[in-house]
Amino acid sequence: MISAVKEKALAAKTSKTKKMSGAEMVIEALVEQGIDTIFGYPGGAVLPIYDALFQQNKVKHILCRHEQGAAHAAEGYARSTGKTGVVLVTSGPGATNAVTGLTDALLDSIPLVCITGQVPTFLIGNDAFQEADTTGITRPCTKHNYLVKDVNDLSNILHEAFHISGSGRPGPVVIDLPKDVQFAEGNYINKANAITHMYQPQTEPDMMAIEEAVRLIANAKKPIFYTGGGVINAGPKASKDLTEFVKKTGHPITSTLMGLGAFPAHEEQWLGMLGMHGTYEANWAMHDCDVMVCIGARFDDRITGDIAKFSPKSKKIHIDIDPSSINKIVSVDLPIVADAGSAITAMLKIWKDKKYKVNQDALNRWWSKIDEWRSVNCLSYKNSDTIIKPQFALERLRHHLSKQKKDVFITTEVGQHQMWAAQFLPFDKPNHWMTSGGLGTMGYGLPAAIGTQLGNPDGLVIDVAGEASILMNIQEMSTAVQYNLPVKIFILNNQWMGMVRQWQELLHGERYSQSYTESLPDFVKLAEAYGGVGLRADTPDELDGVIEQMLKTDKVTIVDVRTCQSENCFPMIPSGKAHNEMILAADADKFDKKLV
Amino acid sequence: MVVKGKKQSISVYGDGPGDRAIERHTLSVLVDNEPGVLARVIGLFSGRGYNIESLTVAETNKELNQSRMTIIAVGTPAVIDQIRHQLERLVPVHRVNDLTEEGDHVERELALVKVVGTDEKRIEALRSANIFRARVVDSTQESFVFEVTGSADKVNAFIDLMIPLGMVNVSRTGSAAISRGPDKM
Ligand SMILES: Cc1ncc(C[n+]2csc(CCOP(=O)(O)OP(=O)(O)O)c2C)c(N)n1
Ligand SMILES: [Mg+2]
């Protein structure tokens, strides 16, 4: 239902509108919104839309093999292209299967518009076949959702959905569309005439606060930039300006898992990722800093560790587009509600205009402290001639990728391999790293790689996977084969749910309850069965050859890298501990394993 | 954030907020009067574990199709702040005012109180009702229904008084609130 005012305004515009069916409106709105690729799975309650899809060629539909896969594919597409991802699924099981993808997109702020079919309006509430209360189920896992009951509301809702999904802090929006509304004829309001201004989040920063922030940054003795996914979401210019600004200050910078790539990892000022499996230098610098500049990150518990001991001596500046993120977990000294890009650009401009200089002596002292932490070499590991260490496999992958001419995109599943990928692969550009951060969804990586490859046909897309996670959406191999998507699945196969095993070893008295992955398939044969390529590396000396082969294939390829089964991912801040209580590979044995 | 007396935590997520001061705030929330808006607000409170003491809602502007909700929420100052921001994130929510924070406001609740009894108790009930300016809206030989309005405290006091005098049932609206003075909000 729309307000009387809105209705009147819309009525005034209907003279200029076209008549069409609800299903046709969906296509028309997608085209107007610049969407040429959508991900979905058909079913009874969306057949009118599939019929309309069949009769046009402006929007390409990618048939995934599971609605969760479709949602993650749309996420990968969105994150790697900066566009909105679109998902189309049927009612009931189609909608419930998409819920994990929607929740993932909500937690990682990915713009998605998901259209779900619904039973006809006159059957809603009757437990009709394949009826589910989709708006009820998805209310807490979407930024907003709609149940459309009148076809004349549909086009405006479609345009508003894109507006809401992509503006402010991005997120998923569900439009639940009963079948009779898809068939019904109504007035189509085009994008230009649609009324979407009701939702207008603040994006421009308070300039007084920005001036104050720049002053604090310039006068800091032990500064650190701590950036997150918000910088990526703000678009490539935000990353570019961030890089310029941080270079101008000469300050150290770290980022969250979601923020990797906003600042080039090859730069001296880059300290690596922070948090539970972040680097020693990043976490210590966070702990000891005197000014923390948090941009587009949200003080997640995987970042802060023990809140009471989190960076106790610092003045904290927090720039975020979502006011509810500010002071939610950590109380900050200078809150700035703004789009990360607008805020960074503004800070850079003031820095230049006012010719700010840093306190170079203090900064030098801070850097020599940081260099001490760096010399700990926290990512070092004991290599082996006989067994493939997962870190070594990634170092070899990094080596081969550095010679690649293609644009390289990395996705991951969830577990140790994800953390190692974040630690060992170099991320130099935004939108080239797709991982499930907030929700930690196993099964994200393959469909996300598919979406990424579709959005970047000339790119090289690699899913760094674990053998357990990959099985969660393995059916998407079929999708990759159908659309000739040569994504590479680099499985660090330790035959364990490694991250679970690690916690059980360190925190649960080495009782390995249900974390061994029994009865694994033969991944080489599995790849071949789907029509892809399967490769295997059993020993360290086989790695280079296998990686070279993988990079040459033009089909979806699984590489089964048989790694050390007992390797743990370090550094690690055990949950609830402080940044300076991190454990390193070297002192893992001294770790009190009785702590639970 | 201040955490008092933190011990080694059993949970990997650390301890909860502990014994920090709990406050009671009255929030006035302007929303689009559309299906699902109440569910969104209620879902927010249950999903994020916020405590609600009372919630009232009714349409207040037919032309704009808007309703006003009055929510009494309890929590630490940080939680109350979060509640306000989280409410503001909801798309159909236009405005959230923390009346407790913003200064003087009037808060009123209405209760219908049914008292059954004869003789002394009945007379006493009527006398007390008079003192509280409660109106009799229904009466039989052996019962009264009183309508009482006022702050939640006043309503509570009236109910406490009526219990020993034969109160058998009560229905309350929850608080409605508005700021004092000429300010629009
Ligand atoms: C859908 C889902 N279920 C359960 C978990 C909990 N979990 C986190 S990591 C992990 C193990 C992953 O194993 P694998 O994919 O082999 O990766 P590894 O840690 O061995 O690298 C599990 C079960 C999760 N993150 N997602
Ligand atoms: Mg594994």
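For clarity, every value in this text was computed on a predicted model and none was experimentally measured.

Rules behind the numbers
Residues numbered from 1 in each chain as written. Chains lettered and ligands numbered in written order. Predicted model: local features only at pLDDT ≥ 70, side-chain atom pairs only at ≥ 80, totals over all residues. Heavy atoms only, no water. Near = heavy atom within 4 Å. Polar contact = N/O pair within 3.5 Å; in protein donor to acceptor, adjacent residues only side chain to side chain. Areas by Shrake-Rupley, 256 points an atom, 1.4 Å probe, with all protein chains shown as cover. Patch = residues over 30% accessible without salt bridge, like charges linked within 9 Å, V, L, I, M, F, W, Y side chains within 5 Å. Salt bridge = Lys/Arg side-chain N within 4 Å of Asp/Glu carboxyl O. Lys, Arg positive; Asp, Glu negative; His and termini not counted. Charge placed at Lys NZ, Arg CZ, Asp CG, Glu CD. Helix = DSSP H or I, 4+ residues; strand = E, 2+ residues; numbered from the N terminus. Donors = N, O, S within 2.8 Å, 3.2 Å for Na, K, Ca; no water. Tetrahedral: all angles 85-135°; square planar, octahedral: opposite > 155°, others 65-115°. Buried < 20%, exposed > 50% of the residue type's maximum accessible area, 1.4 Å probe, protein only. Pairing = 2+ DSSP bridges. Core = buried A, V, L, I, M, F, W, Y, C linked by side-chain atoms within 4.5 Å. Domains from an automatic or database assignment. Contact = heavy atoms within 4.5 Å. Axes fitted to C-alpha atoms, helices over the stretch in contact; angles between N-to-C directions. Phe/Tyr/Trp six-rings, centres within 6.5 Å; stacked < 30°, edge-to-face > 60°. Buried area = accessible area lost by both parts, 1.4 Å probe. Nonpolar A, V, L, I, M, F, W, Y, C, P; charged D, E, K, R; others polar.

S.K.: Give me the site of ligand 1: which residues, what numbers.
M.R.: All names here are of chain A. Around ligand 1 lies a shell of 17 residues, among which Gln 416, His 417, Gly 440, Ser 469 and Gly 498 are the nearest. Within the backbone of Gln 416, one N or O atom sits 2.8 Å away from an oxygen atom of ligand 1. Between ligand 1 and Met 442 there is a distance of 3.4 Å, counted from a nitrogen atom to a backbone nitrogen or oxygen. Relative to its unbound accessible surface of 580 Å², ligand 1 loses 76% to contact with the protein.

S.K.: Could you give an account of a negative patch on the surface, naming the residues involved and the relevant values?
M.R.: Judged by side-chain charge, B:Glu23, B:Glu101, B:Glu102 and B:Asp183 come together as a negatively charged surface patch. Residue position: B:Glu102 is located in helix α3 (residues 99–102).

S.K.: Could you give an account of the coordination of the magnesium ion (ligand 2), naming the residues involved and the relevant values?
M.R.: All names here are of chain A. On the protein side, the magnesium ion (ligand 2) has Glu 467 (OE), Glu 467 (OE), Asn 494 (OD1) and Trp 496 (O) as donor atoms, found 2.0 to 2.6 Å from it. Taken together, the six donor atoms coordinating the magnesium ion (ligand 2) and their angles of 51 to 173° define a geometry best described as irregular. Each donor residue of the magnesium ion (ligand 2) lies on one chain, and together they are spaced E-x26-N-x1-W. Of the two residues, Glu 467 is situated in helix α19 (residues 467–470) and Trp 496 in the loop between β18 (488–493) and α21 (498–507); the sequence distance between them amounts to 29 residues. Each member of the pair, Glu 467 as well as Trp 496, carries the same accessibility label: buried.

S.K.: How would you sum up helix α17 (residues 416–424) of chain A? Please name residues and give values.
M.R.: In terms of burial, α17(A) is a largely internal element, nine of the nine residues being buried. Looking only at α17(A), the buried set comprises A:Gln416, A:His417, A:Gln418, A:Met419, A:Trp420, A:Ala421, A:Ala422, A:Gln423 and A:Phe424.

S.K.: Would you mind going over a nonpolar patch on the surface in detail, with residue names and values included?
M.R.: Residue and element names in this part refer to chain B. On the surface, Leu 38, Ile 42, Ile 52 and Val 57 cluster together into a nonpolar patch covering about 290 Å² of accessible area. Sorting the residues of the nonpolar patch by element identifies α1 (37–47) and β2 (51–61) as the ones contributing at least two each. The class for Ile 42 is partly exposed, based on a relative accessible area of 41%.

S.K.: Give me the lowdown on the pairing of strand β20 (residues 557–562) of chain A, citing residues and values where you can.
M.R.: Residue and element names in this part refer to chain A. Of all six residues that make up β20, five are buried, and the element is covered over most of its length. Pairing of β18 with β20, which is carried by six bridges, proceeds in the parallel orientation. Bridge pairing in β20 places Asn 493 opposite Arg 562. Relative to β20, strand β19 (residues 533–537) is paired through five bridges, and the arrangement is parallel.

S.K.: Let's hear about the nonpolar core: which residues, and what values?
M.R.: All names here are of chain A. Ranked by size, the top nonpolar core spans 108 residues in total, and within it Ile 295, Ile 317, Leu 397 and Phe 490 carry the most contacts. Top contributing element to this core by residue count: helix α14 (residues 340–353), with eight residues. Domain assignment of the residues forming this core places at least three in each of domain 2 (207–374) and domain 3 (390–569). Here Leu 397 is in contact with Leu 425, Ile 462, Val 464, Phe 490, Ile 547 and Met 550, once residues within four sequence places are set aside. Core analysis: the next-biggest nonpolar cluster, separate from the first, contains 42 residues, Ala 73, Tyr 77, Val 87 and Leu 112 among them.

S.K.: Help me get a handle on the sheet that holds strand β11 (residues 270–273) of chain A, residues and values and all.
M.R.: Residues and elements named next belong to chain A. Overall, parallel pairing links the six strands, which are arranged β11-β10-β9-β12-β13-β14 in an open sheet. Sheet topology places β11 and β14 (334–337) at the edges, where each strand pairs with a single neighbour. The sheet shows a mean angle of 15° between the axes of neighbouring strands, taken without regard to direction. Pairing analysis gives three bridges linking strand β9 (residues 223–227) to strand β10 (residues 253–255), with the strands arranged parallel. When the sheet's bridge partners are listed, Thr 227 is paired in β10 with Ser 255.

S.K.: Please give an account of the packing of aromatic side chains that cites residues and values.
M.R.: Residues and elements named next belong to chain A. Applying the stated rule across the entire model yields 17 aromatic pairs over all chains. Taken together, a centroid distance of 5.8 Å and an interplanar angle of 90° make the contact between Phe 299 and Phe 310 edge-to-face. On the criterion of sequence distance, the pair formed by Phe 299 in the loop between β12 (291–295) and α13 (301–304) and Phe 310 in the loop between α13 and β13 (315–320) is long-range, its members being 11 residues apart. Classification of Phe 299 by relative accessible area gives buried; the value is 1%. Judged by its relative accessible area of 5%, Phe 310 falls in the buried class. Each residue in the set Phe 225, Phe 245, Trp 351 and Tyr 356 is aromatic and connected to the rest through ring pairs, giving one cluster.

S.K.: Could you give me a rundown of the domain arrangement of chain A, with the residues and numbers involved?
M.R.: All names here are of chain A. Under the domain assignment, chain A is made up of domain 1 (4–193), domain 2 (207–374) and domain 3 (390–569). Computed over C-alpha atoms, the centres of domain 1 and domain 3 are 32 Å apart. Among the residues domain 1 hides against domain 3, the three largest losses belong to Arg 65, Arg 79 and Ser 80. Together they make up 29% of the total. Between the two partners, domain 1 and domain 3, sit zero salt bridges. Along the contact surface separating domain 1 from domain 3 lie 11 residue pairs in polar contact (both at pLDDT 80 or more). Sorting the residues of the side of domain 1 that touches domain 3 by element identifies β3 (60–63), α4 (67–81) and α5 (93–107) as the ones contributing at least two each. Sort the elements by how many residues they give to the side of domain 1 that touches domain 3 and α4 lands first, with 10 residues. Across the side of domain 1 that touches domain 3, the residue classes tally to seven nonpolar, 10 polar and six charged.

S.K.: Outline unusual backbone geometry, supporting the account with residue identities and numerical values.
M.R.: With an omega of -5°, the peptide bond running from A:Phe570 to A:Pro571 counts as cis. With a phi angle near 55°, A:Asp127 is a residue other than glycine that sits in the positive phi range. Relative to the helices and strands, A:Asp127 resides in the loop between β5 (112–118) and α6 (134–138). You can call A:Asp127 exposed: its relative accessible area is 72%. Non-glycine residue B:Asn65 carries a positive phi angle of around 55°. Turning to its location among the elements, B:Asn65 is positioned in the loop between β2 and β3 (66–75).

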